[in-house]
Every structure is written in C-alpha cells, then in structure tokens.
Amino acid sequence: MATARQLADQIEADPLGKLGSTALAPRFRAICEQLCADLRLHPDHTVLTPNTTSASAALIASLPLAERDVVVVLDTEYASVMRGWQVRCHQAGARFVTVPVSLPFTGPEQLLANLDGAVAGGVTYLVASHISSSTAILFPLDEVGQWVAARGGRLLVDTAHTPGHVPAPVPGGPIAAVFGNVHKWYPAMRSVGLLSLAPDLVDIVRPAEVSLTWDCDDLTERFSWPGTFDPTPRLSVPAAIAQYTEWCEAGRLAACQRLADRTVTIMVALGATPTTSPEFMPPRMRAFFLDGVSVVDVKTALSAANIRAWVGSDAGGRTILRVATHVYNDAADLSLLGSTIKERLAR
C-alpha cells in the first residue's frame, strides 16, 4: 500500500508523462516478465489485465465460436464467467452446457463420468477453475485436459485463486489459456489480473473493450490502455512479489497451510463436511457443508463475532462456509471460528 501511494503520487504529479500506452507499456512488460519468472509462465504470451473477469471477457469476445459449437462450463465456475459464455453462445448459435460437479468431490473419475453423461459428442471449449472459489476444490487439470482433448476441444483455466497459492498451469497441449488474479494471494493492490495464452492465440485475443490500443500487434501494448484507469495496482506488483518472497522464506505461508489443516480438524469435529477429500484441498483454502443452518444464520453469526469468511450455497441449496488462511491469521482466529459455528449449529 505504501508503494502504491508513492506510485499514485508520481502519476498525479505528472499524468501527461506517466499515463498512456507509450509510458506504461514498457513498465508493464518488465513487470510481467518478473511475474512470469515467479509463475513460470511465458512472458511473450502473457499480459497483465484489470482482473480475472476482464481477462475472461477477452477470451469470450475473441475466441472463434461458430453455430453448433459446444462450450462446457463446470457449475463450480464463477458466475460472471458462466454468464459471459452463455451470452456468447446465444449470439453465435453455439450450445452452452453446464456440467455439475458432484460434492463432496472425491476425484477425477467422478467428474469425468459427469462430463460423459452431459456431453455425447465433440467439445469446442471447456471452462474450469483450477481452484474453485466457493467450494475450494483444487481440480485435477491433467485428467480434465485429456478428456477435452479427446473430444477435439481446448481447456480454458480460471486461475483466480492460483497465482501466489499453487503452481500455475502453463498454456500448451489441451490448455489454450489461463486467466486469473494477482491480487488475491500475492499482496498486490486490487485489482490486477493476468492472461496467458497458447502461442497460436497471441495474435487473436484482444481486450473486450475497444480502446485506443486494441489494434496493436504487440500483446502488452494491446492490453496496456483499456481507457482511463488506475495503473498503480499493476505497477505495485514488483513490491508484492518481494513481500511474498519474504513471507515464503520466513515460513509464514507454510504456517498458513498448517492453520488451514487445523481448520479441517475443528470443523469436522463440529459435524461439518469438507467439500472435497484431502488430496484436492488447496493449501490455504478449505470449504465445508454446514447442514441444518441457513446462509443468513451463518453470516449473521460470523458478522457478530467480527469474523470474515465467505458463506453461500451450492446448486442444491446446501450452506457452504469457505475459509482462507493468510499471514494475519493465528490459532486464536480458528478457536473463535470454531466456537461461533458450534454455537450456531447447536441452535
């Protein structure tokens, strides 16, 4: 935040010199190269974006889609991504298929059976999260990619919760593109995302908004000026990487994972059911079914205890609590969470 304030002051002192594609594109390129080195992505095929949704919108608007093509989206996908593909399929006359993910998630066999049951023929694109947001499932992308490749299609991976959390999937083979956020698990300012493409898509994918740089041949320049916006979140990424590296070296992120594991022990003892088996749990996210209580009841109880955690429901209406542990959490937070949920479940 201190870095972002300094950057903002520099920009406001000289907006004519510091804003615009000419000034920003070289800085964005250098920052993207640094981020790609950390994520092991290809810098020539990767670009910074405002957020995950805008990166997804660029894919939705740019990728070829014809009448009778088939787009498959897992029902654990983020709502705006699902809706964007639904609208595009309607416009193109393509078929939009939502495939349910059986919960609790126990492995790829279960998911592949659901895919086989929902889609009889070929597939053009399959859209899936690497880590699902509300249900906190780390999906087996290798098996999903093999399934879509066998159907003649390509995989588009939503990595909103991947950068700074788990190794990022790299476009290539069945994976046509990955799109995600940098500000969720790196300590970057909101909001900044990324889009990484297979080589054959670099010249095809363009921003969803047609701005002054939309026609640029260079990928970085093409996404460098989406109209008037605040570039400080993107410019703050190097400071975020440096701070993240300090956390890793100090063992703080490993401690966060131990807290997440402890959360499972606490919640299972209270009768909650994890949304997935242990091998598909992300390092620092856990989600649980809370049967017998409503979403409103849980939200009210957590708010009264000054606890911030996501609460919602799955497609069947079961209440889900999702917990994310970070460097500001400690064992006392877990004890408070446990006692609050225990009191609510006892009513």
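Residues numbered from 1 in each chain as written. Predicted model: local features only at pLDDT ≥ 70, side-chain atom pairs only at ≥ 80, totals over all residues. Heavy atoms only, no water.

Going by the annotation in an unreviewed UniProt entry, the name recorded for the protein is Aminotransferase class V domain-containing protein, with Luedemannella helvata given as the source organism.

1. Points about helix α5 (residues 79-92)
What counts is decided by this rule: Secondary structure follows DSSP: runs of H or I at least 4 residues long count as helices, runs of E at least 2 residues long count as strands, and numbering of each begins at the N terminus. By this rule, a helix spans an expected 1.5 Å times one less than how many residues it contains. Note on classification: 1.4 Å probe, protein chains only; a residue is buried when its accessible area is under 20% of the maximum for its type, exposed when over 50%, partly exposed between these limits. Directions drawn from the helix axis to the C-beta atoms are what define this arc. By definition, residues are in contact when any of their heavy atoms lie within 4.5 Å.
Given a rise of 1.5 Å per residue, 14 residues ought to cover 20 Å, and the 20 Å separating the end C-alpha atoms of α5 matches this to within 8%. Those residues of α5 not exposed but buried are Val 81, Met 82, Gly 84, Trp 85, Arg 88 and Cys 89. The buried side chains of α5 occupy one side of the element, clustering within an arc of 160° when seen end-on. In α5, the exposed positions angled more than 90 degrees off the buried face are occupied by Ala 79, His 90 and Gln 91. Looking at the buried positions of α5, the neighbouring elements they touch are α4 (52-62), β2 (70-74), β3 (95-99), β4 (125-129), β5 (154-159) and β6 (175-181). Downstream of α5 by one or two residues, Gly 93 has phi in the positive range, about 80°.

2. What about the sheet that holds strand β7 (residues 193-197)?
Pairing between sheet strands relies on hydrogen bonds along the backbone, with the strands arranged either parallel or antiparallel. Cut-off, in case you're wondering: The criterion for strand pairing is that DSSP finds at least two bridges linking the strands in question. To obtain an axis, a line is fitted to C-alpha atoms, over the contacting stretch when the element is a helix, and the angle between two such axes runs from 0 to 180 degrees between their N-to-C directions.
Ordered in space as β1-β7-β6-β5-β4-β2-β3, the seven strands form an open sheet in which the pairing is mixed. Both outer strands of the open sheet, β1 (46-49) and β3, are each paired with one neighbouring strand and no more. Along the sheet, successive strands turn relative to each other by an average axial angle of 15°, direction set aside. When β5 meets β6, the two strands line up parallel, connected through five bridges. Opposite Leu 156, over in β6, you have Ala 177 as the bridge partner. Running at roughly 155° to β3, α5 makes contact with β2, β3, β4, β5 and β6 of the sheet. Strand contacts of helix α6 (residues 108-118): β2, β3 and β4, with the helix running at about 145° to β3, the strand carrying the most contacts.

3. Digging into the packing of helix α3 (residues 21-39) against helix α10 (residues 237-249)
Stated precisely, the cut-off is as follows: Roughly parallel means an angle under 35 degrees; roughly antiparallel means over 145; roughly perpendicular covers 65 to 115; every other angle is labelled oblique. By definition, turning the near helix anticlockwise from the far helix through less than a right angle yields a left-handed crossing, and turning it clockwise yields a right-handed one.
Their axes nearest at 9 Å, the elements α3 and α10 cross at an angle of 25°. Classified by the interaxial angle, the pair formed by α3 and α10 is roughly parallel. Crossing geometry of α3 relative to α10 is assigned as left-handed. Of α10, the residues touching α3 (which contributes Ile 31, Gln 34, Leu 35 and Asp 38) are Val 237, Pro 238, Ile 241 and Tyr 244.

4. Quick notes on the environment of Val 127
Tracing the sequence through the fold places Val 127 in strand β4. Placed 30 residues apart in sequence, Val 127 and Val 157 show a C-alpha to C-alpha distance of 6.0 Å. Excluding anything up to four places from it in sequence, Val 127 contacts Val 71, Val 72, Val 73, Leu 74, Glu 77, Val 81, Trp 85, Leu 156 and Phe 179.

5. Overview of the nonpolar core
In globular proteins that are soluble, nonpolar side chains generally tend to be buried together. What counts, and what does not: By nonpolar core is meant a set of buried Ala, Val, Leu, Ile, Met, Phe, Trp, Tyr and Cys residues that side-chain atoms within 4.5 Å join together.
Core analysis: the biggest nonpolar cluster contains 28 residues, and Leu 35, Val 182, Tyr 186, Leu 235 and Val 237 have the highest contact counts within it. Those elements that provide at least two residues to this core are α1 (2-13), α3, α10 and α11 (252-269). Once residues lying within four places of it in the same chain are set aside, the contact partners of Leu 235 are Leu 7, Ile 11, Leu 24, Arg 27, Phe 28 and Ile 31. Membership of the second largest hydrophobic core comes to 27 residues, among which are Val 71, Cys 89, Tyr 125 and Phe 179.

6. Brief notes about the packing of aromatic side chains
Filter applied, for reference: Two rings belonging to Phe, Tyr or Trp (six-membered ring only in the last case) form a pair when the distance between their centres is within 6.5 Å. Interplanar angles under 30 degrees mark stacking, angles over 60 mark edge-to-face geometry, and anything in between is tilted.
Following the criterion strictly, the structure yields five aromatic pairs and no others. Measuring from ring centre to ring centre gives 5.5 Å for Trp 225 and Phe 229, while their planes differ by 70°; the resulting arrangement is edge-to-face. Assigned by exposure class, Trp 225 and Phe 229 land together as buried. An aromatic cluster is present here, built from Phe 105, Phe 139 and Phe 280 joined pairwise through their rings.

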